[in-house]
Every structure is written in C-alpha cells, then in structure tokens.
Amino acid sequence: QYLHSNKTDAIGGTAFAITSFLDYGFQLGTDSSVNGEGYNFVAWTFSKVAGYFDFVKQSFSSVSSGYLTIPHSLGTKPGFIIGKTLDGSSNWHVYHSSLGKDKVIYLDILGMAYDNPGQWGASEPTDTEFFVDAATWINTETIFYLFAEDTPDVIKCGSFTLTTGTVSVETG
C-alpha cells in the first residue's frame, strides 16, 4: 500500500506496486503509479525510534465534535506532525511547533500556513500525547506521522525565513 504526498487520494495499492519488504528496504513491482518510466519518485522510510519518529494509526468512527487526545510513543514533544486520512480523499494536514496549534500547513498544497484555531486541539502536543479537532477527522481512518521537536544529535525541528541573500539552515 502507498500514499502520494502530493495528492489527496486515499491509500492505494495493487499486487504490482510494492511487492515485498526487505531488511534493507522494499521491492517495487511494475505499477506505473510507483514505478513509471519518465516519472520522478521519492520514498520516505522511517523506523519508529523514541526521541526521533513515531506513527499512530487512529480510527474516528463515532466522534463528531470536540477535541480528541491521541497517545504517542516519542517520549518527547513532537515538533512536526503530518496527518492523512487513509480511506478517503483529503489534504495532508501538518502541525509544526514554530507555528503552534492554531495554524495548519497542507503538505499537498503550495502555500502558506493557514489560521485554523483548534485544528490541533485545545493544547500544544506533549511528550506522551497530541490533540486534534474531531470534526476534521470524523468517520475516517487516519495515519499520523510524528517527528520529535529537538533531540540533541538526532533531530531538530525549526524554521527559517527566506531572504534574497544566502540562508544557512541548522538541521541538528
């Protein structure tokens, strides 16, 4: 199965997409949506590691309003969260600690951060849980990818401002 990070499509997959997982990666089949001649592709692969990366799959079937609390295993505050429904067409919702809980970026839309109070709950994420507005995810199965905010010598989530000169970006 696969998701396209530049599209709003639901999760996809055929017997000819990803054919097997290996100790060092995965093997692709002949499905043109993941292995088409003349196209450029990128694959993101991460291991669940405390202080670096976690993912949470969550079903929202009977909740229609309010804020939901979702536990995670990072062991530190997330600096970057990406959420995408698996079973329907929707944008990729992005939280970044430099923007706070009341703004959202859409990974699949080129543009700015949008004001959306409550999108990421009533409180900032913690080292054990994060929060979402139930109305955004109602009746969906959703995957959330979480990256730690700052773990020395492992990961750093920050921001920078584009200028007309040279920009140095510290990555950890």
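Here the structure is a predicted model, which means the values were calculated and not measured.

Enquirer: How should the overall build of the protein be read in this particular structure?
Expert: Helix and strand content of the protein: 2 helices and 12 strands. If you list the helices and strands of the protein from N to C, you get β-β-α-β-β-β-β-β-β-β-α-β-β-β. Put simply, the protein has 172 residues, and 33% of those count as buried. A separation threshold of at least 6 residues defines the contact pool for the protein, and within that pool the share at least 24 residues apart is 55%.

Enquirer: Quick question: what am I supposed to make of the pattern of salt bridges here?
Expert: Pairs can form between side chains of opposite charge whenever their charged atoms are close. For the structure on display, the rule yields 6 salt bridges. For lysine 57, the salt bridge goes to glutamate 141, with nearest N and O atoms at 3.7 Å. With lysine 57 in strand β3 (residues 53–60) and glutamate 141 in strand β10 (residues 140–148), the pair connects residues that are 84 residues apart, well separated along the chain. The exposure class of glutamate 141 is partly exposed, given its relative accessible area of 29%. Two residues, glutamate 124 and lysine 77, come together in a salt bridge whose shortest N-O distance is 4.0 Å. Taken together, the positions of glutamate 124 in the loop between β8 (114–115) and β9 (129–133) and lysine 77 in the loop between β4 (67–71) and β5 (78–85) put the pair 47 residues apart, joining distant regions of the chain.

Enquirer: Would you mind going over the layout of surface pockets with me for this structure?
Expert: If you roll a probe as big as a water molecule over the atoms, it shows you where there is empty space left. What the second largest pocket holds in volume is close to 480 Å³. His96, Ser98, Gly158, Ser159 and Phe160 are, among the 16 residues lining the second largest pocket, the residues nearest its centre. For the lining of the second largest pocket, the class distribution of residues is 8 nonpolar, 6 polar and 2 charged.

Enquirer: How should I be thinking about the nonpolar core in this particular structure?
Expert: One recurring pattern in soluble globular proteins: nonpolar side chains tend to sit buried together. Core analysis: the biggest nonpolar cluster contains 20 residues, and Phe130, Val132 and Phe144 have the highest contact counts within it. Mapped by element, the contributors of at least two residues to this core are β3, β4, β7 (103–106), β9, α2 (134–137) and β10. With 4 residues, the single largest contributor to this core is β10.

Enquirer: For this particular structure, what's the right way to read the sheet that holds strand β6 (residues 93–96)?
Expert: Think of a sheet as strands paired side by side through backbone hydrogen bonds, with each pair either parallel or antiparallel. With respect to topology, 6 strands assemble into an open sheet ordered β3-β10-β5-β6-β7-β8, the strand pairing being antiparallel. The open sheet is flanked by β3 and β8, the only strands paired with a single partner. Relative to β10, β3 runs antiparallel, the two being bridged by 8 bridges. Bridging from a neighbouring strand, aspartate 54 pairs with leucine 146 of β10.

Enquirer: Would you explain the pairing of strand β1 (residues 18–22) in this entry?
Expert: Sheet faces and side chains relate simply in a regular strand, where the side chains alternate between the two faces. Two strands pair when backbone bridges link them, and β1 and strand β2 (residues 25–28) are joined in this way by 4 bridges, in the antiparallel orientation. Opposite serine 20, over in β2, you have glutamine 27 as the bridge partner. If you look at the hairpin formed by β1 and β2, you'll find 2 residues sitting between the two strands.

Enquirer: Quick question: what am I supposed to make of unusual backbone geometry here?
Expert: Peptide bonds are mostly trans, and most non-glycine residues show a negative phi. Phi at aspartate 153 takes a positive value of approximately 65°, unusual for a residue other than glycine. Structurally, aspartate 153 can be placed in the loop between β11 (150–151) and β12 (155–156). Owing to a relative accessible area of 79%, aspartate 153 belongs among the exposed residues under this scheme.

Enquirer: Would you mind going over the environment of leucine 99 with me for this structure?
Expert: Note that leucine 99 resides in the loop between β6 and β7. For leucine 99 and tyrosine 114, which are 15 residues apart along the polypeptide, the C-alpha to C-alpha distance reads 9.8 Å. Each residue touching leucine 99, except ones within four places of it in the same chain, is listed here: Ile105 and Ala113.

Scoring rules and cut-offs
Residues numbered from 1 in each chain as written. Predicted model: local features only at pLDDT ≥ 70, side-chain atom pairs only at ≥ 80, totals over all residues. Heavy atoms only, no water. Helix = DSSP H or I, 4+ residues; strand = E, 2+ residues; numbered from the N terminus. Buried < 20%, exposed > 50% of the residue type's maximum accessible area, 1.4 Å probe, protein only. Contact = heavy atoms within 4.5 Å. Salt bridge = Lys/Arg side-chain N within 4 Å of Asp/Glu carboxyl O. 1 Å grid on protein atoms, 1.4 Å probe; cavity = no way out; pocket = protein on both sides within 12 Å on 5 of 7 lines; lining within 4 Å. Points joined across faces, edges and corners; volume = space filled by probe spheres on them. Nonpolar A, V, L, I, M, F, W, Y, C, P; charged D, E, K, R; others polar. Core = buried A, V, L, I, M, F, W, Y, C linked by side-chain atoms within 4.5 Å. Pairing = 2+ DSSP bridges.

Geometry only, nothing functional implied.
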